[in-house]
Amino acid sequence: MAHHTTTTYDSPIHIGVIGGTGLQSLTGFTHVATLKPTTPWGTPSSPISVIHHDSPTSGKPIPIAFLSRHGLHHELAPHEVPNRANIAALRTLGVRTIIAFSAVGSLQEAIKPRDFVVPDQIIDRTKGVRPFTFFEGGMVGHVGFADPFDPKLAKVVQKCGHSLEGDGVRLHDSGTVICMEGPQFSTRAESKMYRQWGGSVINMSALPEAKLAKEAEIAYQMICMSTDYDCWRESEEDVTVEMVMGNMKANSENARRFVGAVLNELSKEEHEDLVLAKHYEGSMKFAGGVTAASGRSEEAKKKLGFLFPDYF
Ligand SMILES: CSC[C@H]1O[C@H](OP(=O)(O)O)[C@H](O)[C@@H]1O
Ligand SMILES: Nc1ncnc2[nH]cnc12
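Residues numbered from 1 in each chain as written. Chains lettered and ligands numbered in written order. Predicted model: local features only at pLDDT ≥ 70, side-chain atom pairs only at ≥ 80, totals over all residues. Heavy atoms only, no water.

A separate point is the environment of Ser-46. Summarising the element assignment, Ser-46 is placed in the loop between β2 (30-35) and β3 (48-54). Note on Ser-46: relative accessible area 6%, which makes it buried. Considered as a pair, Ser-46 and Leu-67 are 21 residues apart in the sequence and their alpha carbons are 6.1 Å apart. If sequence neighbours within four positions are ignored, Ser-46 has contacts with Leu-67, Ser-68, Gly-71 and Leu-72. Reaching out from Ser-46, the side chain makes a polar contact with the backbone nitrogen of Ser-68 at a distance of 3.0 Å. (Helix = DSSP H or I, 4+ residues; strand = E, 2+ residues; numbered from the N terminus. Buried < 20%, exposed > 50% of the residue type's maximum accessible area, 1.4 Å probe, protein only. Contact = heavy atoms within 4.5 Å. Polar contact = N/O pair within 3.5 Å; in protein donor to acceptor, adjacent residues only side chain to side chain.)

What follows deals with the pairing of strand β5 (residues 97-106). Burial within β5 is extensive, with 10 of its 10 residues counted as buried. Where strand β1 (residues 15-19) meets β5, four bridges bridge the pair, whose relative direction is parallel. Bridge pairing in β5 links Ile-18 to Ala-100. Where β5 meets strand β10 (residues 201-203), two bridges bridge the pair, whose relative direction is antiparallel. What sits directly across from Gly-105, in β10, is Ile-202. (Pairing = 2+ DSSP bridges.)

Within the structure, ligand 1 sits among Gly-20, Thr-21, Arg-69, His-70, Pro-78, Ser-102, Ala-103, Phe-185, Asn-203, Met-204, Ser-205 and Val-244. In the environment of ligand 1, an oxygen atom lies 2.6 Å from a nitrogen or oxygen atom belonging to the side chain of Ser-205. When ligand 1 is considered free in solution it has 380 Å² of accessible area, and contact with the protein chains removes 93% of it. Taken together, the residues that form the shell around ligand 1 break down as five nonpolar, six polar and one charged. (Near = heavy atom within 4 Å. Areas by Shrake-Rupley, 256 points an atom, 1.4 Å probe, with all protein chains shown as cover. Nonpolar A, V, L, I, M, F, W, Y, C, P; charged D, E, K, R; others polar.)

Another aspect to go through is the nonpolar core. Core analysis: the biggest nonpolar cluster contains 45 residues, and Ile-48, Ile-87, Leu-90, Ile-98, Phe-134 and Tyr-220 have the highest contact counts within it. A per-element tally of this core places helix α1 (residues 83-93) first, with five residues. With near-sequence residues (within four places) excluded, Ile-98 lies in contact with Gly-16, Ile-18, Ile-87, Leu-90, Leu-153, Ile-218, Ala-219, Tyr-220 and Gln-221. Counting residues in each nonpolar core, the second largest holds 37 residues, with Phe-116, Leu-164, Ala-219 and Ala-277 among its members. (Core = buried A, V, L, I, M, F, W, Y, C linked by side-chain atoms within 4.5 Å.)

Here we take up the site of ligand 2. Taken together, 13 residues lie near ligand 2, and Ala-103, Gly-105, Thr-227, Asp-228 and Asp-230 sit nearest. Contact distances for ligand 2 include 3.0 Å between a nitrogen atom and a backbone N or O atom of Ala-103. When the free accessible area of ligand 2 is taken as 260 Å², the share hidden by the protein chains comes to 94%. Contributing elements (two or more residues each) for the shell around ligand 2: β5, β10 and β11 (219-228).

Let us look at a nonpolar patch on the surface. On the surface, Phe-185, Val-241 and Met-245 cluster together to form a nonpolar patch covering roughly 240 Å² of accessible area. Tracing the backbone through its elements, the reader meets Val-241 in helix α5 (residues 241-250). (Patch = residues over 30% accessible without salt bridge, like charges linked within 9 Å, V, L, I, M, F, W, Y side chains within 5 Å. Salt bridge = Lys/Arg side-chain N within 4 Å of Asp/Glu carboxyl O.)

Now for the UniProt feature "site: Important for substrate specificity" (unreviewed entry) in the protein. With numbering aligned to this structure, UniProt lists the feature "site: Important for substrate specificity" (unreviewed entry) at Ser-186 and Val-241. Spanning 56 residues, the named residues nonetheless gather at one spot, since no C-alpha pair among them exceeds 13.0 Å. With a relative accessible area of 9%, Ser-186 lands in the buried category. If near-sequence neighbours (up to four positions away) are discounted, Ser-186 is found in contact with Met-180, Ser-191, Tyr-194, Ile-202, Asp-230 and Cys-231. (UniProt positions renumbered as here; feature names shortened; annotations may be inferred.)

So, about the state of the cysteines. In the structure shown here, the tally under the stated rule is zero disulfides. Left unpaired, Cys-160 is separated from the closest cysteine sulfur, that of Cys-224, by 16 Å. On the basis of relative accessibility, which here comes to 5%, the residue Cys-160 falls in the buried class. Considering cysteine sulfurs only, Cys-179 is the nearest to Cys-231, which forms no disulfide, with 16 Å between them. (Disulfide = S-S within 2.5 Å.)

Enumeration according to the criterion identifies 16 salt bridges in this entry. The salt bridge involving Glu-109 is made with Arg-233; its shortest N-O contact spans 2.2 Å. Taken as a pair, Glu-109 in the loop between β5 and β6 (116-117) and Arg-233 in the loop between β11 and α5 lie far apart in primary sequence, 124 residues in all. Arg-233 gets classed as buried once you look at its relative accessible area, which sits at 18%. Here the salt bridges share partners, and the residues they tie into one network are Glu-109, Arg-233 and Glu-236.

Closest axis-to-axis distance for the helix α2 (residues 151-163)/helix α6 (residues 252-266) pair is 9 Å, and the angle between their directions is 125 degrees. As judged from the angle between their axes, α2 and α6 are oblique. Seen along the crossing, α2 lies across α6 with a hand that is right-handed. In this structure, α2 uses Leu-153, Val-156, Val-157, Lys-159, Cys-160 and Gly-161 to contact α6, whose residues at the interface are Phe-258, Ala-261, Val-262, Glu-265 and Leu-266. (Axes fitted to C-alpha atoms, helices over the stretch in contact; angles between N-to-C directions. Parallel < 35°, antiparallel > 145°, perpendicular 65-115°, else oblique. Left-handed = near helix turned anticlockwise from the far one by under 90°.)

See below:
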């Protein structure tokens, strides 16, 4: 079927949504363009869909950039996701706020399958096989990562999640995501160890996505939806893909309503500074400029110039 949408979009797009397992598109919105940007770090996981969302306060259409993390058909394994291209492409479109969606295993009794979690911390259990920084090859940068998610954005997301509660949505306001390498699920010993570490939920996608968003001065918050109890709970079946997909599918309407409510809220003028991530603006000018100007490689300057045309 032919899609009569354009392949360009002329105004900056400030809000991005990254869809994960079971959330490969955002239905129910007006689709206005399909973009296929390239970056010095390659092409993103999927074409970027630009959708229009009417601001509840001004009535004006607000553009949103949607990207499917694992590709349009879930053809990319977690370690194959081109995270740098994804974040760089979104940033150059103007994106300064990202809502990222993820299907997670629960490591806590109280986080039941289909519950939502707004995580505030991450423990890195990836294995160093994924490219994880924009600052290398002749330009060193060190960004603070104490709060891997944006606390201001988290507040908005929590409020929206709670507004849907009682209507099939159950929300946990905080939690620690264990981000494992995969693609195999954890052993039972690992799963039990993660519980001892204080892990709330587990996935394979929070990193390096969150690190790169931070380096790109983007306010980033993940919304997790629990799909299973991993393999630590004696009385439950061990996690399988069918279980993850089944729960994701059964609850996808709530996931979409949740994302819709967040977009609705973020489209209000009162959140303009947050959406533009004004609180991060300029931070990488210093944190990303550790290497003396005379020692920076031409290639790194060119690549980082793509991300930050005004800084280096
Ligand atoms: C299909 S089960 C494992 C898979 O599901 C999660 O994906 P996403 O975070 O993109 O929703 C998890 O991170 C794994 O990639
Ligand atoms: N148990 C699990 N482990 C890792 N990633 C997941 N995504 C959904 N369930 C998961």
